[in-house]
Amino acid sequence: MKPLFLAPVPRDVLTLSLVPPAAPPGTMHLAIRGVSKTYSNGARALRDVTLDIPRGMYGLLGPNGAGKSTLMRTIATLQEPDTGSITLGDVDVVREKERVRRTLGYLPQELGVYPGASAERLLDHFAVLEGFADRAGRRRVVEALLRQTTLWDVRRERLGGYSGGMRQRFGITVALLGNPRLIIVDEPTAGLDPAERVRFLNLLSEIGEQAVVILSTHIVEDVAELCSRMAIIDRGEIQLEAEPLAAIAALRGRVWRRFVAKAEFPDVERSHPVICTKLQSGCTLVHVYAESSPGPGFEPAEPGLEEVYFSVMAGHQGARAAAALPEAA
Ligand code: ADP
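This one's a predicted model, so the numbers in the text were calculated from it and none came from an experiment. (Residues numbered from 1 in each chain as written. Predicted model: local features only at pLDDT ≥ 70, side-chain atom pairs only at ≥ 80, totals over all residues.)

Draft legend 1. Here's a closer look at the site of the ligand. Around the ligand lies a shell formed by Tyr39, Asn41, Ala43, Ala45, Gly62, Asn64, Gly65, Ala66, Gly67, Lys68, Ser69 and Thr70. The dominant element in the shell around the ligand, judged by the number of residues it contributes, is helix H2 (residues 68-75), at 3 residues. (Near = placed C-beta within 6 Å. Helix = DSSP H or I, 4+ residues; strand = E, 2+ residues; numbered from the N terminus.)

Encoded structure:
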């Protein structure tokens, strides 16, 4: 399993990393069934989570505290659920941790690096641990990965001097060693500037063609730009599982907008199911959910994934049901 910068890689993981992936890419599919987790302090982090995650980029979207990291860590075999099962192809993720780790690349939220080492040296070191014994072959792999993640030109610089985006790309470089079939990326764009974010997302989308890639994030645009499927999670429960484009299409004709003065807003909020508000030139632009025109002054609004997310989070059952309909595609 990679990357594990903060802790030494366990021996059993290293040994088993030498074995080829458990299943060919075409058959790879992650099935999560009835997974629940309550921490010892009483926090119910996951409640009966059931999801099917195919090959490609999959977005797990939810606010802070929703349970995303708990689910990511559970899939990455770093903790166990109280109940439920997870399978990756024919591998039982909860019981056969070593088999999962052979084919897993995990980029955690907090990435620790050795600040004094260069990307090239550290990657070479991880490649040795990963089982690339032949020096020339290892060099080729290291070069190819550093070029893919556009770190080749800065490969000899200290990791301690890298920007946040460069560090994230280095994390992905290490995660990609050994050609993983399951890649878990937890909140990767938090703290990146816009240019770094775009670069990182482009890199992820390239990777997403070959593996199951789960991207956990609270940033709606990350999912909108990248993912062919997604789930929205809140308070440990899956609120929606859908294709982003289909969910947006299903909301078309059901989102209305109106500019309101600050003083009017409480009234509007009381009488309409408000999805979200945006400030524009000192006025509040209100988006509401309604099957037909909610009244004078409202005009139809073109929905995006943000409207899907906020209407589901606001608990508008109509929006949730519409967005989840398969025929909406
Ligand atoms: P997210 O990644 O969506 O922010 P988390 O999975 O980190 O959500 O947290 C879900 C819930 O579980 C929160 O209420 C959080 O406080 C709690 N939680 C997370 N990790 C622990 C832990 N190690 N011990 C106790 N409670 C935890």
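What follows picks up the thread again.
Draft legend 2. Geometry of helix H7 (residues 194-207). Its 14 residues place the ends of H7 20 Å apart at the C-alpha level, agreeing with the 20 Å of an ideal helix rising 1.5 Å per residue. If you check which residues of H7 are buried, you get Arg197, Phe200 and Leu204. Within H7, the buried residues cover an arc of 70° as seen down the axis, which keeps them to one side. Turned more than 90 degrees from where H7 packs its buried face, Ala195, Asn202 and Glu206 sit exposed. Lining the buried residues of H7 we find strand S3 (56-61), helix H6 (164-176), strand S7 (182-186), strand S8 (212-217) and helix H8 (220-226). (Expected span 1.5 Å × (residues − 1). Buried ≥ 20, exposed ≤ 12 C-beta atoms within 10 Å, placed from the backbone. Arc of directions from axis to C-beta. Contact = placed C-beta atoms within 7 Å.)

Draft legend 3. Quick look at the sheet that holds strand S11 (residues 255-260). Across the sheet, 4 strands lie side by side as S12-S13-S11-S14; this open sheet has antiparallel pairing. Looking at the sheet topology across the chains shown, the edges are occupied by strand S12 (274-280) and strand S14 (299-300). Of the pairings in the sheet, the one linking S11 to strand S13 (residues 283-289) comprises 6 bridges and is antiparallel in character. Bridge pairing in S13 places Phe259 opposite Leu285. Packed onto the sheet, helix H11 (residues 305-313) meets S11, S12 and S13 and runs at close to 130° relative to S12. (Pairing = 2+ DSSP bridges. Axes fitted to C-alpha atoms, helices over the stretch in contact; angles between N-to-C directions.)

Draft legend 4. Structural detail: the environment of Leu51. The topology assignment puts Leu51 in strand S2 (residues 44-53). As a C-alpha pair, Leu51 and Ile86 span 35 residues in sequence and 9.4 Å in three-dimensional space. Not counting residues up to four positions away in its chain, the partners in contact with Leu51 are Ile32, Ala231, Ile238 and Glu241.

Draft legend 5. Representation of helix H5 (residues 135-148) within the structure. Over its 14 residues, H5 runs 20 Å from end to end, which matches the ideal 20 Å to within 8%, given 1.5 Å per residue. Among all positions of H5, only Val141, Val142, Leu145 and Leu146 are buried. Viewed along the axis of H5, the buried residues span an arc of 125°, placing them on a single side of the element. Across H5 from its buried face, at more than 90 degrees, point the exposed residues Ala136, Gly137, Arg140 and Ala144. Where the residues of H5 are buried, they touch helix H4 (119-130) and H6. Remark: Thr150 follows H5 within two positions and exhibits a positive phi of approximately 50°.

Draft legend 6. A look at the pairing of strand S1 (residues 30-38). For S1 and S2, the ladder comprises 6 bridges, and the chain directions are antiparallel. Bridge pairing links Lys37 to Leu46 in S2. The turn linking S1 back onto S2 is made up of 5 residues, and Gly42 within it adopts a positive phi angle of 95°. Here 5 bridges tie S1 to strand S4 (residues 83-88), and the two strands are oriented antiparallel to one another. Across the sheet, Arg33 pairs through a bridge with Ser85, a residue of S4.

Draft legend 7. Inspection of the sheet that holds S4 at higher detail. Taken in spatial order, the 4 strands line up as S2-S1-S4-S5 in an open sheet, and their pairing is antiparallel. Edge positions in the open sheet fall to S2 and strand S5 (91-92), since each of these has one partner strand only. Inspection of the sheet shows S4 paired to S5 by 2 bridges, in the antiparallel sense. Within S5, the position partnered with Thr87 by the bridge is Asp92. Packed on one face of the sheet, H2 meets S1, S2 and S4 and runs near 60° to S2.

Note that every value here comes from positions in space, so none of it alone points to a role or purpose.
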